[in-house]
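Reading the structure
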Amino acid sequence: DAGITQSPRYKITETGRQVTLMCHQTWSHSYMFWYRQDLGHGLRLIYYSAAADITDKGEVPDGYVVSRSKTENFPLTLESATRSQTSVYFCASSESTATLYYFGPGTRLTVL
Amino acid sequence: AQSVAQPEDQVNVAEGNPLTVKCTYSVSGNPYLFWYVQYPNRGLQFLLKYITGDNLVKGSYGFEAEFNKSQTSFHLKKPSALVSDSALYFCAVRDKANAGKSTFGDGTTLTVKP
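Criteria and cut-off values
Residues numbered from 1 in each chain as written. Chains lettered and ligands numbered in written order. Predicted model: local features only at pLDDT ≥ 70, side-chain atom pairs only at ≥ 80, totals over all residues. Heavy atoms only, no water. Helix = DSSP H or I, 4+ residues; strand = E, 2+ residues; numbered from the N terminus. Rg over C-alpha atoms; globule rule 2.2 N^0.38 Å. Contact = heavy atoms within 4.5 Å. Core = buried A, V, L, I, M, F, W, Y, C linked by side-chain atoms within 4.5 Å. Buried < 20%, exposed > 50% of the residue type's maximum accessible area, 1.4 Å probe, protein only. Salt bridge = Lys/Arg side-chain N within 4 Å of Asp/Glu carboxyl O. Polar contact = N/O pair within 3.5 Å; in protein donor to acceptor, adjacent residues only side chain to side chain. Nonpolar A, V, L, I, M, F, W, Y, C, P; charged D, E, K, R; others polar. Pairing = 2+ DSSP bridges. Axes fitted to C-alpha atoms, helices over the stretch in contact; angles between N-to-C directions. Disulfide = S-S within 2.5 Å.

Points about the overall build of chain A
Regarding its fold elements, chain A presents zero helices and 11 strands. The secondary structure elements of chain A, listed N-terminal to C-terminal, are β-β-β-β-β-β-β-β-β-β-β. For chain A, whose C-alpha radius of gyration is 13 Å, the value lies close to the compact-globule estimate of 13 Å for 112 residues. Across chain A, every contact between residues at least 6 apart in sequence was considered, and the portion connecting residues at least 24 apart equals 54%.

Pasting the structure below:
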């Protein structure tokens, strides 16, 4: 199916564990983004990528790692999860810098 | 650095009345501006955008937005609100010079009452 998907949709983990959130898009969009959504903070950019093998930090990158070996995938890893990383995570893709974002359905992560 | 402000956390309107959701922005250069809507437990969906051209932009579901450069505003409007318009609305500004990363406002919850 065409589109942008995220997995898992829901995840519960414990403090200190490593967690990887997956994002996959089928359009071959160059640009991909990871945001977290927290009440009262809107969406905050964690990392973004302009193309395969090109990534850069956003507003709140600490504690997260990304990679982009293939255009269609943009996984986000929490190296050692903390309770403050409990959030809803959204992946998005975009064809160019002037076009709209397509958002995935989100991953709700709870860190106990 | 670019920024977006949505001064109202909550907007309440009666069905059939016009609605406005406010957005102001700060960006160097010419802005790329967007509105997105989020329904409960869903991802964000695109409503409309301003890149260049006419200041009045029309989008999905009867929404429109007016770009005002002097006031650095991009308010979302609809002539006649529907109960189904109730959702969380986000304004965003996109930095075309920096991989197109977007800065979002904190969101405005729109409630349309029958």
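Now that the structure has been shown, we can carry on.
Re the nonpolar core
Formed by 26 residues in total, the largest nonpolar core has its most connected members in Trp35(B), Leu47(B), Leu48(B), Phe74(B), Leu76(B) and Tyr89(B). If you list the elements that add at least two residues to this core, you get β2 (10-14), β3 (19-21), β5 (32-38), β6 (44-50), β8 (64-68), β9 (73-78), β10 (87-95) and β12 (108-113) of chain B. The element contributing the most residues to this core is β10(B), with four residues. Among the nonpolar cores identified, the runner-up in size contains 20 residues, and Tyr35(A), Leu43(A), Leu45(A) and Tyr36(B) belong to it.

Things to note about the environment of Glu95(A)
Among the structural elements, Glu95(A) can be located in the loop between β9 (87-94) and β10 (102-103). On a C-alpha basis, the gap between Glu95(A) and His29(A) in space is 4.6 Å, while along the polypeptide they are 66 residues apart.

Notes on the interface of chain B and chain A
Each partner contributes to the interface: chain B provides 23 residues, whereas chain A provides 24 residues. Viewed at the interface, chain A and chain B are joined by zero salt bridges. Summed over the shared surface of chain B and chain A, the result is eight residue pairs in polar contact (both at pLDDT 80 or more). Mapped onto the side of chain B that touches chain A, the elements with two or more residues apiece are β5, β6, β10 and β11 (101-104) of chain B. The element that contributes the greatest number of residues to the side of chain B that touches chain A is β5(B), accounting for four residues. Tallied by class, residues from the side of chain B that touches chain A come to 10 nonpolar, seven polar and six charged.

Points about the sheet that holds strand β8 (residues 76-78) of chain A
The strands that make up a sheet are held in pairs by hydrogen bonds between backbone atoms, and each pair lies either parallel or antiparallel. Residue and element names in this part refer to chain A. The antiparallel open sheet is built from four strands, whose spatial order is β1-β3-β8-β7. Of all strands in the sheet, those with a lone pairing partner are β1 (4-7) and β7 (64-66), marking the two edges. Neighbour-to-neighbour, the strand axes of the sheet open up by a mean angle of 15°, direction not taken into account. Alignment of β7 against β8, held across three bridges, turns out to be antiparallel. Within β8, the position partnered with Tyr64 by the bridge is Leu78.

Overview of the state of the cysteines
Per the counting criterion, the structure on display carries two disulfides over all chains. Shown here is the disulfide that connects Cys23(A) with Cys91(A), its sulfur atoms set 1.8 Å apart. Handedness here is read from the sign of the S-S torsion; for Cys23(A) and Cys91(A), about -75°, the answer is left-handed. Linking Cys23(A) in strand β3 (residues 19-25) with Cys91(A) in strand β9, this pair joins segments that are 68 residues apart in sequence. Taking the relative accessible area as the measure of exposure, Cys91(A) reaches 0% and is therefore buried. Sulfur-sulfur distance for the disulfide between Cys23(B) and Cys91(B) comes to 2.0 Å. Across the S-S bond of Cys23(B) and Cys91(B) the torsion is about -65°, and the bridge reads as left-handed. Taken together, the positions of Cys23(B) in the loop between β3 and β4 (24-26) and Cys91(B) in strand β10 put the pair 68 residues apart, joining distant regions of the chain. On the basis of relative accessible area, Cys91(B) is assigned to the buried category, the value being 0%.

Limitation: the analysis is restricted to geometry and does not speak to function.
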